[in-house]
Amino acid sequence: MDHNVPYSIKQSIMFSHKVAQLSKALWKSVEKDWQSWIKPFDLNINEHHILWIAYYLEGASISDIAKFGVMHVSTAFNFSKKLEERGLLTFSKKENDKRNTYVYLTPAGEELLLKTLECYNPGTYSIYGGALPIKDLYGKFPEFSELMSIVRHIYGPDFIEIFEKTLDKFENEFTDEDGTLKPQQPAETR
């Protein structure tokens, strides 16, 4: 046995297979539901994800979108260009960073993203429905600390930091009113 490998090959294959099979099953469900959710807005999953990332990062480089969106740089760029052609994104340079191009939501892009969020229906998401028995039993949805640790070791702490920032921003900037998601009004307009 190779002493550089702390566990057996059998354990490694079994673990890798479990993760692959379960993540593929989860992704297929999420993909189907996500496509159904955004279809009325003439968006695909990559485009919707890019709008989401640009919104939360308040300007994101193509490499930021690729990294956080878990897509190839050319995919991030090509779909961002399509969104720009539709008037939903704009490309520009930052004053302090002339090397990278950043994408920002246009007002139309933000309006479209917010419409998609307002139209989200939890009842049509299989993952949500599948997690409800756990919430009913334990009073909360499943935690992801072990999965986040694995992702942190694969993609690095920056990925998890951006992920947590987007969740915090979402938590602080939106409210659930009568089953509809609404952006909170800034303090000066309330």
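Residues numbered from 1 in each chain as written. Predicted model: local features only at pLDDT ≥ 70, side-chain atom pairs only at ≥ 80, totals over all residues. Heavy atoms only, no water.

## Some details on the pattern of salt bridges
Phase 1 of the analysis: Scanning all chains against the criterion turns up 8 salt bridges.
Phase 2 of the analysis: Note that Lys32 and Asp33 form a salt bridge whose closest N and O atoms lie 3.6 Å from each other.
Phase 3 of the analysis: Judged by relative accessible area, which is 53%, Lys32 ranks as exposed.
Phase 4 of the analysis: Between Glu58 and Lys169 there is a salt bridge, and its shortest N-O distance comes to 2.4 Å. Taken together, the residues span a long stretch of sequence, with Glu58 in the loop between α2 (45-57) and β1 (60-61) and Lys169 in helix α8 (residues 157-173) at a distance of 111 residues.
Phase 5 of the analysis: Residue class for Glu58 comes out exposed when judged on its relative accessible area of 55%.
Phase 6 of the analysis: Each of Glu58, Lys169 and Glu173 takes part in a single network of salt bridges with overlapping partners. (Salt bridge = Lys/Arg side-chain N within 4 Å of Asp/Glu carboxyl O. Buried < 20%, exposed > 50% of the residue type's maximum accessible area, 1.4 Å probe, protein only. Helix = DSSP H or I, 4+ residues; strand = E, 2+ residues; numbered from the N terminus.)

## Quick word on the sheet that holds β1
Phase 1 of the analysis: In spatial order, the strands read β1-β3-β2; together these 3 strands make up an open sheet with antiparallel pairing. With one partner strand each, in any of the chains shown, β1 and β2 (89-94) form the two edges of the open sheet.
Phase 2 of the analysis: The pairing of β2 with strand β3 (residues 97-105) spans 6 bridges and is antiparallel. Across the sheet, Lys93 pairs through a bridge with Thr101, a residue of β3.
Phase 3 of the analysis: Against the sheet, helix α4 (residues 73-85) engages β2 and β3, with an angle of about 115° to β2. (Pairing = 2+ DSSP bridges. Contact = heavy atoms within 4.5 Å. Axes fitted to C-alpha atoms, helices over the stretch in contact; angles between N-to-C directions.)

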